[in-house]
Amino acid sequence: MTGPVRIGLVGAGRLAEVGYLPAAVATRGVVLAAVAEPDPVRRDRVAALSGGVPAFVSAHALLDGADVDALVLATPAAAHLHDARAAAAARVPVLVEKPPAPDRAGAAALAALEPAPYVAFNRRFGPAIAALRAATPAGAEVAVTAEISYRRGGWGAHAVTDDALLDLGPHLVDLARWITGADVTGVRRASVAAQRATFDLELGAARARIRCATDGLHHERVEVRHRDGTLVGRHRVGGPANAVLGRLRSGPHPLVASLTAELEAFARTVRGDPDPVLGRAADGVAVMAVLDEVRVFSHLAADTVPGV
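From a predicted model like this one, the values you see are computed outputs, not experimental measurements.

Student: Account for empty space enclosed by the protein, with residues named and values stated.
Tutor: Scanning the entire structure with this criterion turns up three cavities of 30 Å³ or more. Volume-wise, the largest cavity comes out at about 40 Å³. Lining of the largest cavity is provided by Ile7, Leu9, Tyr20, Ala24, Leu32, Val72 and Leu263. Where the lining of the largest cavity is concerned, the elements lending two or more residues are strand S1 (5-10) and helix H1 (14-26). Space inside the second largest cavity adds up to approximately 40 Å³. Looking at the lining of the second largest cavity, the elements that each hand over two or more residues are helix H5 (104-111) and helix H11 (281-303).

Take a look at the structure:
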């Protein structure tokens, strides 16, 4: 491949509009070649914002009617497997937004495709997260705290109605695995509700405390400490002050930087130079297996409490 990687974007929701469209413009070696979306209003809007690229009603129609080298699936999780199967049949590489599927079974079905899709764990590409990972010895006895909260209504999601665990849990579980370099070996405790989820994980010698919320101000914190409490490193964004500044600030959404880095990694991989940071289908399976276990653990814990 000598020219730019031609991307087809499937899904014209909020993430596509404020994230992937400006990221595609900023990404070196990539051009947005087509979009697909069943909602005609959203489809026409995103196509216009992208400069009038061809627009289709579905991923299948896009694959039949446009010349693309790869697809990005920015659609609800339940639609991913159907569209990824069509792309695999056409031998077109796919980057699937998180969550890759509603559960482990769906993620495993994605991973069984040939070629298997990649998973958009874009927070891996933030410089602060890269620094945390570099500062954390693999296999070390560390404690990780990973939190994300935001107000769902303020984001303006077009179609996604996932609960907090499915919405934010994939990012945080992946960050715990990515930073420690370890797989999850156990769930210690868990509480899951529609707008909040909290759970603790064992990752070999490491531990992680995960907190998700879709009913609060935007706040993200990832912190790593040694077992004696000394700080390895911390990444923090959001909070009340930044919420005010964000309403006054113009320019691209903060997500665009990590999505741009991720699209560049995806483009390199499509060209035959696999990027080690890009999420794999196996990572998606591992993450969704953890979320399934968290749900089971939460239900079992609730069943043991009198009156619950």
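Additional details are given in the paragraphs that follow.
Student: Give a detailed account of the pairing of strand S4 (residues 70-73), specifying residues and quantitative values.
Tutor: Because side chains alternate across S4, one face comprises the buried residues Ala70 and Val72, and the other comprises Leu71 and Leu73, equally buried. Strand direction decides the pairing type here: S1 and S4, joined by four bridges, are parallel. Its bridge partner lying in S4, Leu9 is registered against Val72. Looking at chain direction, S4 and strand S5 (residues 94-97) are connected through three bridges and run parallel. Its bridge partner lying in S5, Leu73 is registered against Val96.

Student: Just give me the short version of the pairing of strand S12 (residues 231-238), but keep the residues and values in it.
Tutor: In this sheet, S12 lies alongside strand S11 (residues 215-226) in antiparallel orientation, the contact comprising seven bridges. Bridge pairing links His219 to Gly238 in S12. The turn linking S11 back onto S12 is made up of four residues, and Gly229 within it adopts a positive phi angle of 95°.

Student: An account of the packing of aromatic side chains is needed here, citing residue identities and associated values.
Tutor: Considering all chains together, one arrives at one aromatic pair under this definition. Between the NZ or CZ atom of Arg133 and the centre of the ring of Trp178, over which it lies, the distance is 3.7 Å.

Student: Mind laying out the sheet that holds strand S9 (residues 196-203), listing which residues take part and the relevant values?
Tutor: Pairing in this open sheet of six strands is mixed, and the strands run S8-S9-S10-S7-S11-S12 from one edge to the other. Looking along the sheet, the strands with just one partner apiece sit at the ends: strand S8 (186-192) and S12. Sheet twist, expressed as the average angle between the axes of neighbouring strands with direction ignored, equals 10°. Where helix H6 (residues 127-135) meets the sheet, its contacts fall on S11 and S12, and the angle it forms with S12 comes to roughly 165°.

Student: So what's going on with helix H8 (residues 164-180)? Residues and values would help.
Tutor: Helix length check: H8 (17 residues) gives 23 Å between terminal C-alpha atoms against 24 Å at 1.5 Å per residue, within 8%. Along H8, the sharpest kink reaches roughly 35°, centred on Pro170. Summarising burial for H8: 17 of the 17 residues are buried, a large majority. Phi for Gly181, located one or two positions after H8, is positive at around 70°.

Cut-offs used in this document
- Residues numbered from 1 in each chain as written.
- Predicted model: local features only at pLDDT ≥ 70, side-chain atom pairs only at ≥ 80, totals over all residues.
- Heavy atoms only, no water.
- 1 Å grid on protein atoms, 1.4 Å probe; cavity = no way out; pocket = protein on both sides within 12 Å on 5 of 7 lines; lining within 4 Å.
- Points joined across faces, edges and corners; volume = space filled by probe spheres on them.
- Helix = DSSP H or I, 4+ residues; strand = E, 2+ residues; numbered from the N terminus.
- Buried < 20%, exposed > 50% of the residue type's maximum accessible area, 1.4 Å probe, protein only.
- Pairing = 2+ DSSP bridges.
- Phe/Tyr/Trp six-rings, centres within 6.5 Å; stacked < 30°, edge-to-face > 60°.
- Lys NZ or Arg CZ within 6 Å of the ring centre and 35° of its normal.
- Axes fitted to C-alpha atoms, helices over the stretch in contact; angles between N-to-C directions.
- Contact = heavy atoms within 4.5 Å.
- Expected span 1.5 Å × (residues − 1).
- Bend = angle between axes of the 7 residues up to and from the residue.

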